[in-house]
Amino acid sequence: MTDHPDLVRRSAARLAADLAARDVSAVEVVRAHLDRMDAVDGAVHAYLHRDDEGALATAREVDAARARGEALHPLAGVPVAVKDVACTVGQPTTAGSKMLEGWMPPYDATVVERLRAAGLPILGKTNMDEFAMGSSTEHSAYGVTRNPWDLTRVPGGSGGGSSAVLASFQAPLAVGSDTGGSIRQPAAVTGTVGTKPTYGGVSRYGVIALASSLDQIGPCARTVLDTALLHEVLAGHDPRDSTSIDAPVPPVVQAARRADVAGLRIGVVGGRDATGYQPGVLARFTEALDRLEAAGATVVDVACPHFDYAVAAYYLILPSEASSNLARYDAMRYGLRVDPSRGGASSAEQVMAASREAGFGDEVKRRIILGTYALSAGYVDAYYGQAQRVRTLVAHDFAAAFEQVDVLVSPTTPTTAYPIGEKVDDPLAMYRLDVTTIPANLAGVPGLSVPVGLADEDGLPVGLQVLAPAMADDRLYTVAAALERDLVDAWGAPLLDRAPEVSTSPVPTPTRQEA
Amino acid sequence: MPVTDDVLDLTEVLASYDPVIGLEVHVELSTATKMFCGCATTFGAAPNTQTCPVCLGLPGALPVANAAAVDAAIRIGLALNCSIAQRCRFARKNYFYPDMTKNFQTSQYDEPIAFDGHLDVEVPTGDGGSFTYRVEIERAHMEEDAGKSTHVTTGGGSSRIVGADHSLLDYNRAGTPLVEIVTRPLVGAGEHAPAVARAYVGALRDIVRALDVSDARMEQGSLRCDANVSLRPRAGEDRRGPEQLAVPLGTRTETKNVNSLRSVERAVVYEMTRQGAVLGSGAAVTQETRHWHEDSGTTSAGRPKSDADDYRYFPEPDLVPVAPSAERVEKLRATLPEPPDRRRRRLQGEWGLSDLELRDVVGSGALDLIDASVAAGASPAGARKWWMGEVLRRANAQARELGEMGLTPEHVAELDALVGAGRLNDSMARQVLDGVLAGEGTPEQVADDRGLALVSDDGALTDAVDRVIAANEAVAAKVRGGKVAAAGALIGQVMKEMKGQADAAKVRALILERLGVAG
Ligand SMILES: [Zn+2]
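This one's a predicted model, so the numbers in the text were calculated from it and none came from an experiment.

Section: the environment of Y17 of chain B
All names here are of chain B. Relative to the assigned elements, Y17 resides in strand 1 (residues 17-28). For the pair Y17 and R400, spaced 383 residues apart in sequence, the C-alpha to C-alpha distance is 41 Å. In this structure, Y17 is in contact with L231, R232, P233, R234, R239, G276, L279 and G280, ignoring residues within four places of it in sequence.

Here you go:
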């Protein structure tokens, strides 16, 4: 077996080419990643579960099929990590919650089926905030994931595990889910790429629901092209998801390869000098706008006045839907079961209450209570109803904006990655950081985050968010790929080459600074 | 169960109060698959064998609305003269109960698929007459059924949760499609209110059966009725007058799961008399659900129910709205069968039945069978004679339904034709019927196998007649002399000679002809 120490740093597109040319085998690629996981995941803690045997078995099948000369999917043999929110036969699926500790789903999510059908070995399940409620993975019941750029900082959330495996070279591709930014925000703070596709563009079947009208599954990777390649595997109509769109998948890979913004009209949400951003974030963002203009795009300011109310609306709609979606975790059929009497004399209601008390973390309980209240008789119109009206206004803002411009851009997050523990006791501060990403979920439009450099004050990654009209996901990739090519040319290397090598020793406590 | 409630005589109740009835009927659709997944809905399968991630509410599973169930709901709505929503959403009704896998029921709330309809029902008045009452339909909406809990105590089964050790849950029924049909308050029926309730549920049952969307068997729970009953003080003689209608509705009770038409009527009567006693004593009726007890014909208090029950309804975000096109609705309208009441009137005319005869036919469940027999070629009179006569008599004796006797409308048509063609006489036809009911084959086959056929060979018959006349000259003389009645003895002899295989009427005619006497 050839030794390829750099295999884990290669892009998915490059690995796909190497595999097709038989320069390397799928088994070698998977083994290289398993070795990398052995070396660094003790420190990063991005995986909740590893499936070494399953990944190797898939790799062996792909190698054998290739040896037989069978036609294979271009990504066959390229490994992938899956957020622990998607059901996987043969691997536990917990959604980061004690409630589902050790739960083995009897079925695969549609996106997992698609990965398997395309021959992508699934390395394991990545960490996340419990039931995807959070922006830092600090709300995972299984411990925080660390940002590979600085192990004392959060990797974003809820999909911090998926972004961290990419940034620490433990997988070239990862699947995430995005309800209010859970793909884009972790991508931004780890210097990786992530897309929330158009609502309905990717099947939600088999992905544990947080808020059904907001959740969307999407691809994460280290390059724009890789993200597009995975997007194409995941996307497409699924008759098992009523909200799945029955239309051709937008030509995302083609768009990523074209990478041409000449003549494109780009709108800046809130203008170039929008307030509330960390200076280093704003600086990298405005530089990126200059590059896009230099590449032939027209950049104009666009007002979206109702986006100011998006966070408030979102934090009513999400808890409302979540309070209902999470009602099924009642210990009657699966998951954690706590019998308060220990002797079996408890009523079903008592077992339900005790199990939910023990199984859910504080953030989950907070949102269930909030949602239950917002839907209650006498309040539903003032809270849930009013939030839905705001949602309509946000959608109107997008519609009006997309009459003037082809895409919208903004910084993906107001700040770079913050220290672990800094905001965990201040939920409102954490909620407010979702201000940039939430409007896309409310309106169902697609969004992507692409790295645009490091903030001067802390040397941490900054992301730029691109938003496009529904089912125009390809535009995201055109803009992001053009920007990426220009930036990588200017930097002389991908941004992640500037990340420090991850310490291979575990970090003991969340708040301690790395020595 | 000891029942301690006082009741007031119904006449006294009616003298002081005006009854108002509201009916909620759940119809279980007979679609091949469940409302939101592909699981089969077959009745009686082993527990939890007809389940999947969707109807078990597993994490990540999503519903998809069953188009056949939506079509069935639209057809029910159309048959009830409802408007059909151009766009409507499902809603989640949130409450915790172990037989609900998601702890919410996917239902419809403020956007039902069908609304604002009516059904004219024929209500018997008890003295042989009847009148038509228009039941206003508020809505018909789609929803899913829950699973089934069986509460078990050590040392023996029990259906009651109190005192049970544990409960067994069967989710085969979870997700079965239901259509719930809700009436507006039925007012002004006065003494006929219980009969109106019964007539309405019966008419509704006939409609969903005619639509072929449900087998609508109340005893099996595929049609379930909840009866809301309240009393309000009378305001003058006219129960439908503006003064009476202006009186606010009284506090209502909801009697759940009344499982036969007769029980619907009895339950309404019972609640009227019970509430009459409560009000008469100066107390107030408690708003609550009541359980119906078939054996004692009484109800007992269930769960207190208030208008403040909070199910935290909101639109189901996992399902796209149902938006049937006008074209689809019109296509479905074209599939509607003739409304049962109109069909009855038509058949009554075609068959020449009196009101009483029609009621007997309907009451014995023979209407469809006679209609089908006529369609298969029987004469209306012949078909009715067989089904309402010999077959019904045997069915009653065996306590079975007419349709369960193993006799088809085609059989009856064939039997009727054999008699009509003079190949069988009545007594032979009854023997043939016994053979068919015994599973010996079609009437033709049974007649052949048992050698039952009237002799049509005139030569053999004429010879027999001549022999009998010759042997009974004294009797023959009497007949020639004008005592025609005396021919009976000759006929009997000829029939004996022919071993019964002759048409008695024909034998009589032949004898009289030979003796030169006009029949
Ligand atoms: Zn099912």
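Once the structure has been displayed, the description carries forward.
Notes on the packing of aromatic side chains
Applying the stated criterion across every chain yields a total of 18 aromatic pairs over all chains. Judged by centre distance (5.5 Å) and plane angle (65°), the rings of Y95 of chain B and Y311 of chain B are edge-to-face. Of this pair, Y95 of chain B sits in the loop between strand 3 (91-94) and strand 4 (104-107) while Y311 of chain B is found in the loop between strand 14 (298-304) and strand 15 (314-315), placing the two residues 216 residues apart along the sequence. Between the NZ or CZ atom of K423 of chain A and the centre of the ring of Y418 of chain A, over which it lies, the distance is 4.6 Å.

Comments concerning the sheet that holds strand 1 of chain B
Residue and element names in this part refer to chain B. The strand order 2-5-6-10-1-11-12-13-14 describes an open sheet built from 9 strands, whose pairing is mixed. With partners counted over all chains shown, the strands left at the sheet margins are strand 2 (83-84) and strand 14, one partner each. Strands strand 1, strand 5 (114-124), strand 6 (130-144), strand 10 (177-183) and strand 11 (223-233) of the sheet are contacted by helix 3 (residues 193-211), whose axis makes an angle of about 115° with strand 5. Across the face of the sheet, helix 5 (residues 261-280) comes into contact with strand 1, strand 11, strand 12 (253-258), strand 13 (288-293) and strand 14 while running at roughly 30° to strand 11.

Some thoughts on the nonpolar core
One finds L115 and F131 of chain A to be the most contacted residues of the largest nonpolar core, which totals 166 residues. Per-element tally for this core: the top contributor is helix 2 (residues 26-44) of chain A, with 10 residues.

Some remarks on the interface of chain A and chain B
Taken together, the contacts link 38 residues of chain A with 31 residues of chain B. The contact between chain A and chain B buries some 2700 Å² in all, and 60% of this surface belongs to carbon and sulfur atoms. When the buried area of chain A at its contact with chain B is split by residue, S242, R328 and R333 of chain A rank highest and sum to 23% of it. Where chain A touches chain B, the interface holds 1 salt bridge. Summed over the shared surface of chain A and chain B, the result is 17 residue pairs in polar contact (both at pLDDT 80 or more). Those elements that place two or more of their residues in the side of chain A that touches chain B are helix 10 (310-325) and helix 11 (348-359) of chain A. Looking at the side of chain A that touches chain B element by element, the count peaks at 4 residues for helix 10 of chain A. Partitioned by chemical class, the residues of the side of chain A that touches chain B number 20 nonpolar, 10 polar and 8 charged.

A look at the coordination of the zinc ion
All names here are of chain B. The protein atoms that coordinate the zinc ion are C37 (SG), C39 (SG), C52 (SG) and C55 (SG), at distances spanning 2.3 to 2.4 Å. Taken together, the 4 donor atoms coordinating the zinc ion span angles of 100 to 115° at the metal, a pattern that classifies the geometry as tetrahedral. Residue C55 is classed as buried on the basis of its relative accessible area, which comes to 7%.

Parameters at a glance
Every chain begins its residue count from 1, and numbering advances along the sequence as written. Each chain gets a letter, beginning with A, and each ligand a number, beginning with 1, in the order they are written. Under the rules for a predicted model, residues below a pLDDT of 70 receive no local features and side-chain atom pairs below 80 are neither given nor counted, while totals for whole chains, interfaces and linings still include all residues. Based on all heavy atoms of the structure, the side-chain values leave hydrogens and waters out of the count. Helix numbering and strand numbering both begin at the N terminus, where a helix is a DSSP run of H or I of at least 4 residues and a strand a DSSP run of E of at least 2. Two residues qualify as a contact provided that any one of their heavy atoms is within 4.5 Å of a heavy atom in the partner residue. Aromatic contacts are taken between Phe, Tyr and Trp rings whose centres are within 6.5 Å, Trp giving its six-membered ring; a plane angle under 30 degrees counts as stacked, one over 60 as edge-to-face, and the others as tilted. The rule for a charge over a ring is simple: NZ of Lys or CZ of Arg within 6 Å of the ring centre, and within 35 degrees of the ring normal. Each pair of strands is called paired provided DSSP finds at least two bridges between the two strands. Axis lines are fitted through C-alpha atoms, for helices just across the contact stretch, and the angle between N-to-C directions can take any value from 0 to 180 degrees. Only buried residues count toward a nonpolar core. Its members are Ala, Val, Leu, Ile, Met, Phe, Trp, Tyr and Cys residues joined through side-chain atoms within 4.5 Å. Only protein chains enter the accessibility calculation, which uses a 1.4 Å probe; a residue whose area is less than 20% of its type maximum is buried, one above 50% is exposed, and one in between is partly exposed. Take the accessible area each of two parts loses on contact, using a 1.4 Å probe, and add the two losses: that sum is the buried area. Basic side-chain nitrogens of Lys or Arg form a salt bridge, by our definition, when they fall within 4 Å of a carboxyl oxygen of Asp or Glu. What qualifies as a polar contact is a pair of N or O atoms within 3.5 Å, subject to a donor-acceptor requirement within protein and to the restriction that residues adjacent in sequence count only when both atoms come from side chains. Under the grouping applied here, Gly and all other residues not named as nonpolar or charged are polar, the nonpolar ones being Ala, Val, Leu, Ile, Met, Phe, Trp, Tyr, Cys and Pro and the charged ones Asp, Glu, Lys and Arg. Think of the donor list as every N, O and S atom within 2.8 Å of the metal, or within 3.2 Å for Na, K and Ca; water never makes the list, so a site can look incomplete. Any coordination sphere not matching a tetrahedral pattern (four donors, all angles between 85 and 135 degrees) or a square planar or octahedral pattern (four or six donors, opposite donors over 155 degrees apart, other angles between 65 and 115) is reported as irregular.

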